[in-house]
Every structure is written in structure tokens, then in C-alpha cells.
Amino acid sequence: MTAIRIDGKAVAEALRATIGEAVASLNVTPGLAVVLVGEDPASQVYVRNKIKACAEAGIDSFHHTLPVETSQADLLELLDRLNADASVHGILVQLPLPGHIDEQTVIERIDPAKDVDGFHPVNVGRLSLGLPALEPCTPRGCVILAQSVQPDLSGLHAVIVGRSNIVGKPMAQMLLAENCTVTIAHSRTRDLAAMCRQADILVAAVGRPQMIKGEWIKPGAIVLDVGINRIPREDGSGKNRLVGDVAYAEAAEVASAITPVPGGVGPMTIAGLLRNTVIAAARLAGEAVPGSISR
Ligand code: NDP
């Protein structure tokens, strides 16, 4: 079997077009505040991409770059101002933060109604209770990609490798809500290969290049590769290339559908952020969330 290559870029572009239409249908202009502390080059790229994507969707963005030595108290004070600012509907603090700032304290200072990353305990709790919530963007992107090849996931056994708060755990809640039977694997799981072989849907969110081999995949499985890893290119150029947590070529021989890296899950994350910002703006403005983006 040669798997369908799930084109995350195309799915994300279609979603972004829908989001643009949803923005145009609102009476309020959604606004996203992006806060970056320090000058980490990768974070700068992520922030630039988010701001560009906002502009394309008709969303206002407010960029706050703070020096690396910014105190936690000053960062919290900025968040208080953004929480109170009626033109800001979404607040995103780019992670990781410098070591002297406690990430959880920062996450919990964001108004849950503006928490477009979906990391605040209120949104985490609401997601686990099956209540409307601002949901973490990457796992939601994975569900959308899985449903692009199999709309009804009901009854499938999903194995998620990785139990982080930003990917693995919310992924489990979302797939449970889609009536999957869910197993979460992690670094202490015994016989991970055998566990993966049981998966109708296999989600890899580990951060180890090409760790999941073709022979770990159940024939016909849907494979969603969240991992983003840089490894040296084979051409001796000294440059790096991106790979996922799954050995793509081997896995594609066995799976029915698989996301590539790059071009799979990654593009869905920014689309999810835009979607959350529009949902937050509609709710805060007392308008109906446009049906096209409310799922
Ligand atoms: P974390 O480092 O927070 O979590 C990694 C998880 O993998 C942990 O639960 C860990 O287990 C588990 N793990 C580590 N080694 C093994 C192993 N040998 N066998 C089984 N499980 C193992 O990572 P994140 O969830 O933040 O990210 C995972 C990957 O996804 C990274 O490559 C990251 O770059 C990428 N990512 C991509 C995004 C996108 O937009 N596409 C967004 C977010 C992340 P334990 O808990 O026991 O330590």
C-alpha cells in the first residue's frame, strides 16, 4: 500500500480562506496580541509568520517585543493591560520564555477568554469536560487532517505517543470526543512498537527524529506526525533538513494516509491560532461564532 500524503499546507490554506470570510462577516475586527520576550531566532520566525497570517486573514495584530531581561512582574503587567484592552481578543505569549520567568504563572495570567493557545487551566478543564473551549491549535489541526481522509473517526483505536500538555494530552481529549478509543504512550511505555502496531490512528508527538519505524505501523493506519526535528542533510553541505518523528518513506508503504514533515501538521497550527482569535473576538463582542469555523 502507498499511503495518501495528507497535504497540510492545502488544508490549512482552505481553512485560512474560510477564516478570512468569517472575519469579513463579523462587526468586530479581531485583534491578536503576540508577546515575544528575548531574541530567540526560531521564535522570531514563528512570530513573524503569525503576524503575516493575521494580516492576510483581516485580523489586527499587535506585536510586543520585550528584552530578554524583562522581569516576570513587567510581563504580567503587560498581560493585565492586554486583558483589559477591548481591541485585543487573543493573547499569545511565545514560548519558551527565559528561565527566570515561570511559564505557568504567565499562562494563568491571560484572561481565559483571550487564551488563543488554549493552555489556560480553564480552557484545559473545559476541553476535558466537553464544554466549548479555546482549544490548543496543534492537536485540533491533527483532528482536522485525520478527518480530511476519514470524516468519521468513531470506534478507531488512536495511539498517541507523547503526553505533553500542549500536544499529547489535549490530543487525547479531542480524539476521545470523536469517539476513538485512546491510548497515550510515553517514555516509560513498555514495548512501544507493539503498542503502535495496534493503532488505527497513530499520533507521533515526541521530538525524536524518525523514531517510529515502518514496521511499527498497522497496515491501513492514519499516521499524524507532529514532530519537528532538524537533522544534518546527507549532501555534506553542513545544512539541516526537517524531519518528523516517523520514518516517512517506510511508514508510507504501510499506512493508508500520512502527514509529511514539513507540510503536514505544522501549517495547521497557525490556521488554528487565527481560528481561535476569531472565535474569541466573536464571543467577546457578543456576536455569534460564524458557523463555518465553529466546527
Ligand atoms: P515534549 O518534549 O513536551 O514531550 C515529548 C513527549 O514524548 C513526552 O511525553 C515524552 O515522554 C515522550 N517521549 C520522549 N521520548 C520518548 C520515547 N523514547 N518513547 C516514547 N515517548 C517518548 O514535546 P512536545 O509535545 O512539546 O512536542 C513534541 C514534538 O512536536 C516536538 O518535535 C515539537 O517540536 C513538535 N511540535 C510541533 C508543533 C507543530 O506545530 N507541528 C507544535 C508543538 C510541538 P515523558 O512524558 O515520559 O517524558
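In what follows, the structure referred to is the one given above.
Residues numbered from 1 in each chain as written. Predicted model: local features only at pLDDT ≥ 70, side-chain atom pairs only at ≥ 80, totals over all residues. Heavy atoms only, no water.

Engineer: Please set out the nonpolar core residue by residue, giving values where relevant.
Structural biologist: Grouped together as the largest cluster of nonpolar side chains are 55 residues, with contacts concentrated most on L175 and L224. Tallying contributions element by element places helix α10 (residues 266-284) first for this core, with ten residues. Counting only domains with at least three residues in this core, you end up with domain 1 (26-115) and domain 2 (136-266). Ignoring sequence-local partners within four residues, the contact set of L175 consists of V143, L153, A158, I160, C180, V182 and V203. A204, V223, A251 and A252 belong to the second-largest nonpolar core, a separate cluster that totals 21 residues. (Core = buried A, V, L, I, M, F, W, Y, C linked by side-chain atoms within 4.5 Å. Buried < 20%, exposed > 50% of the residue type's maximum accessible area, 1.4 Å probe, protein only. Helix = DSSP H or I, 4+ residues; strand = E, 2+ residues; numbered from the N terminus. Domains from an automatic or database assignment. Contact = heavy atoms within 4.5 Å.)

Engineer: Report on the sheet that holds strand β4 (residues 90-93), specifying residues and quantitative values.
Structural biologist: Within the open sheet, the three strands sit side by side as β3-β2-β4. Their pairing is parallel. With partners counted over all chains shown, the strands left at the sheet margins are β3 (60-66) and β4, one partner each. Each adjacent strand pair in this sheet contributes to an overall mean axis angle of 15 degrees, direction not counted. For strand β2 (residues 31-37) and β4, the ladder comprises four bridges, and the chain directions are parallel. Bridging from a neighbouring strand, A33 pairs with I91 of β4. The sheet strands contacting helix α2 (residues 41-57) are β2, β3 and β4, and the helix crosses β2 at an angle near 170 degrees. Along the sheet face, helix α3 (residues 72-84) touches β2, β3 and β4 and points at about 175 degrees away from the line of β2. (Pairing = 2+ DSSP bridges. Axes fitted to C-alpha atoms, helices over the stretch in contact; angles between N-to-C directions.)

Engineer: Explain the sheet that holds strand β1 (residues 4-5) to me, and be specific about the residues and the numbers.
Structural biologist: The strand order across the open sheet built from six strands is β1-β11-β8-β7-β5-β6, with neighbouring strands paired in parallel fashion. Two strands in the sheet have a free side with no partner beyond their single neighbour: β1 and β6 (181-185). Across five bridges, the pairing between strand β5 (residues 157-161) and β6 is parallel. Residue pairing across strands places A158 opposite V182, the latter belonging to β6.

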